[in-house]
Amino acid sequence: MASVLRENIGLLTDKLTVQLVKDDYLPAFEKAIKKHAKSANIPGFRKGMVPGGMVKKMYGTSVYYDEVIRSVEKELNTYMQTEQLDIFAQPLPLDIDRQLDMNNPEDYSFAFEIGLKPKIEVEPSNFNVTRYKVEVTDTMIHEEVERLQTRHGNMTEPEVVESDENVLNIEFTETDAEGNVVEGGINKGNSVLVKYFSESVRPQLIGKKKDDTLVVQLKEAFEEKEREWIISDLGIANDEAAGDKYFKLTITKVGLVEKPEMNEAFFEAAFPGKEIANEDDFRVAVKETIQAQWEAQSRNQLHDQIYHQLVDQTELDFPESFLKRWIQTGGEEKKTAEEAEAEYPNFKNSLKWTLISGQLMEKNEIKVDHSEIKEFATQQILGYMGVQSAADAPWIESYTDNMLKDKKFIENTYYQIQTSKLFIALEQQVTVSEKAVTPDELAAMQHNHDH
């Protein structure tokens, strides 16, 4: 009768040895051979009349192997279910080159290595985190009002550049300091407001018109924030040398946005459905929008702190040798020991978060139903299309149904909603203090930590 022996061979690593006697697999082997004989289609024999010896000669080796391995897997799975072993992945066989001879059936022993999951003890109530708050200033409100006016304004095409508010379509052509075009250099178009240039360059643009040119050095033409954006758009590596590059700017078009008046038509365009009647209420709506944006970023940063508290302050042991072997053999493509060693640190961190979050989701009873996934898909489509409400888009149902046929989308959305729910639950469990910060300070935090 089959049996399974278990022994510890390392940290959170056990060896399971399945012991089979001949009677555990031989009856199944003989039955399988008879089944093949009834269905075999061999020239010279009527179906179902093929001699068993011939069938065994033709198919016996593979059938014998299959039945032995099937018996081993059955005993192994039964043992793990009975013992309720909480393991990583699947057991890894230690007898990968085992040869089986159907002409000499015998008792067999098959050894497997298993990696056991560590015990996790996490108590979010012990964590201290900070909620960073940005105060919405009158300057922020003024800048956002101007942005909305520009967005909903009417674009005109004056002949010459007259003010900082002009929009210039510019062809950037890389040159040397003397303005000679660099062979094979960068050549790309962009659209830039005059006010985005540095104060020293802006006067040189006033009076320019279509097809006029100007040679500039990036670090002189733009302040740091705007320069980073220009450098990124031009596809230049953002290092110390990037700002030293010279470009000839060729104006291909001069534009100017005629800003709308502060009236109900503009208010409705900027905030559809809010029924804003006057400028004061409009500025209140702008302030609320800005506040919501900063609060969302603050919440993201708070979640990042919780994530690091959970991962950095929770000590977990792992069956490293087992997991490295699994990295080598568990994927579609085999990997070398060196590749597994290099991948292991990131793999371990990801695995650590999976274990911790999994336990917390179970503890907090985090669930996601189909209606939430459908609503997420609907809102995503509305955002893409720039539509405020599903009521304004009768076609949205068919678009949503198509998205819900994508298995990968379903899986990613499920995980995204589930993780979001978990962090919202954890917000109520950790100890939170508040601290006022500037927009740049909070933006820097977001830039440095993104999970």
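(A) Spatial organisation of the overall build of the protein. Counting its regular elements, the protein contains 14 helices and 11 strands. A globule of 451 residues ought to have a C-alpha radius of gyration of about 22 Å, yet the protein, at 34 Å, is considerably larger. If you line up the protein on its principal axes, its C-alpha atoms span 100 × 55 × 50 Å. In the protein, buried positions account for 35% of the 451 residues.

(B) Region of interest: the packing of helix 8 (residues 279-312) against helix 13 (residues 407-427). Two elements in contact, helix 8 and helix 13, have axes whose closest approach is 10 Å; the angle formed by their N-to-C orientations is 85°. Accordingly, the angle class assigned to the pair helix 8 and helix 13 is roughly perpendicular. Across the interface between the two elements, R299, L302, H303, I306, Y307 and L310 of helix 8 pack against F423, I424, L426 and E427 of helix 13. Grouping the amino acids of the contact of helix 8 with helix 13 by side-chain chemistry returns 7 nonpolar, 1 polar and 2 charged.

(C) Molecular detail of helix 3 (residues 138-151). Over its 14 residues, helix 3 runs 20 Å from end to end, which matches the ideal 20 Å to within 8%, given 1.5 Å per residue. Three or more residues of helix 3 are buried, namely M140, I141, E144, V145, L148 and Q149.

(D) Structural view of the pattern of salt bridges. Tallied over the full model, the rule gives 26 salt bridges. Between K324 and E341 there is a salt bridge, and its shortest N-O distance comes to 3.0 Å. Residue K324 is found in helix 9 (residues 320-329), and its partner E341 is found in helix 10 (residues 337-363); the two are separated by 17 residues along the sequence. On the basis of relative accessible area, K324 is assigned to the buried category, the value being 17%. Under the relative-accessibility criterion, E341 is labelled partly exposed at 45%.

(E) How the structure looks around the packing of aromatic side chains. Taken as a whole and judged by the stated rule, the model has 16 aromatic pairs. On the numbers, 5.1 Å between centres and 65° between planes, the contact of W395 with Y399 is edge-to-face. The class for Y399 is partly exposed, based on a relative accessible area of 41%. Clustering of aromatic rings is evident, with ring pairs tying together Y25, F29, Y64, Y108 and F110. The side chain of K324 reaches across the aromatic face of Y344, ending 5.1 Å from its centre.

(F) Region of the structure containing helix 13. Helix length check: helix 13 (21 residues) gives 30 Å between terminal C-alpha atoms against 30 Å at 1.5 Å per residue, within 8%. Where helix 13 is concerned, the buried positions are F409, T413, I417, Q418, T419, L422, F423, A425, L426 and E427. Among the structural elements, strand 5 (128-133), helix 8, helix 10, helix 11 (370-385), helix 12 (396-403) and strand 11 (431-436) are those in contact with the buried residues of helix 13. Capping the start of helix 13 is the job of one residue whose side-chain oxygen sits 3.0 Å from the backbone nitrogen of K408: D406.

(G) Representation of the sheet that holds strand 4 (residues 108-116). With antiparallel pairing, 4 strands are arranged side by side in an open sheet as 1-2-4-3. Among the strands making up the open sheet, the edge pair consists of strand 1 (3-10) and strand 3 (87-93). Taking the axes of each pair of neighbouring strands and ignoring which way they run, one obtains an average angle of 25° across the sheet. Pairing of strand 3 with strand 4 involves 4 bridges; the strand directions are antiparallel.

(H) Looking closely at the environment of D176. As for its placement among the helices and strands, D176 is situated in the loop between strand 7 (166-175) and strand 8 (187-193). Sequence spacing of D176 and F247 is 71 residues, and the spatial spacing of their C-alpha atoms is 7.6 Å. Sequence-distant contacts of D176, defined by excluding residues within four places in its chain, comprise V182 and Y246. Separated by 3.0 Å, the side chain of D176 and the backbone nitrogen of E178 make a polar contact. Within the structure, the side chain of D176 is placed 2.8 Å from the backbone nitrogen of N180, a separation counted as a polar contact.

(I) Local environment of the environment of T400. Residue placement: T400 occurs in helix 12. A C-alpha to C-alpha distance of 9.3 Å links T400 and F376, two positions 24 residues apart in sequence.

(J) Structural detail: the packing of helix 3 against helix 8. Where helix 3 contacts helix 8, the two axes come as close as 10 Å, and the packing angle between them is 105°. As far as their axial angle goes, helix 8 and helix 3 are roughly perpendicular. Contact with helix 3, carried on its side by M140, I141, H142, E144, V145 and L148, involves F282, R283, V286, K287, I290 and W294 of helix 8 and no other residues of that element. Tallied by class, the residues present in the contact of helix 3 with helix 8 amount to 8 nonpolar, 1 polar and 3 charged.

(K) Inspection of the pairing of strand 4 at higher detail. Counting buried positions over the 9 residues of strand 4 gives 8, a clear majority of the element. Pairing analysis gives 8 bridges linking strand 2 (residues 13-20) to strand 4, with the strands arranged antiparallel. Bridging across to strand 4, L20 finds its partner in Y108.

(L) Representation of the confidence of the model for the protein in the model. Confidence along the protein averages 91 in pLDDT terms, with 96% of residues attaining 70 or more. Put simply, helix 14 (residues 439-448) is where the protein has its lowest mean pLDDT, 82, and strand 2 is where it has its highest, 97.

Each value, and the rule that gives it
Residues numbered from 1 in each chain as written. Predicted model: local features only at pLDDT ≥ 70, side-chain atom pairs only at ≥ 80, totals over all residues. Heavy atoms only, no water. Helix = DSSP H or I, 4+ residues; strand = E, 2+ residues; numbered from the N terminus. Rg over C-alpha atoms; globule rule 2.2 N^0.38 Å. Buried < 20%, exposed > 50% of the residue type's maximum accessible area, 1.4 Å probe, protein only. Axes fitted to C-alpha atoms, helices over the stretch in contact; angles between N-to-C directions. Parallel < 35°, antiparallel > 145°, perpendicular 65-115°, else oblique. Contact = heavy atoms within 4.5 Å. Nonpolar A, V, L, I, M, F, W, Y, C, P; charged D, E, K, R; others polar. Expected span 1.5 Å × (residues − 1). Salt bridge = Lys/Arg side-chain N within 4 Å of Asp/Glu carboxyl O. Phe/Tyr/Trp six-rings, centres within 6.5 Å; stacked < 30°, edge-to-face > 60°. Lys NZ or Arg CZ within 6 Å of the ring centre and 35° of its normal. Polar contact = N/O pair within 3.5 Å; in protein donor to acceptor, adjacent residues only side chain to side chain. Pairing = 2+ DSSP bridges. pLDDT = per-residue confidence, 0-100.

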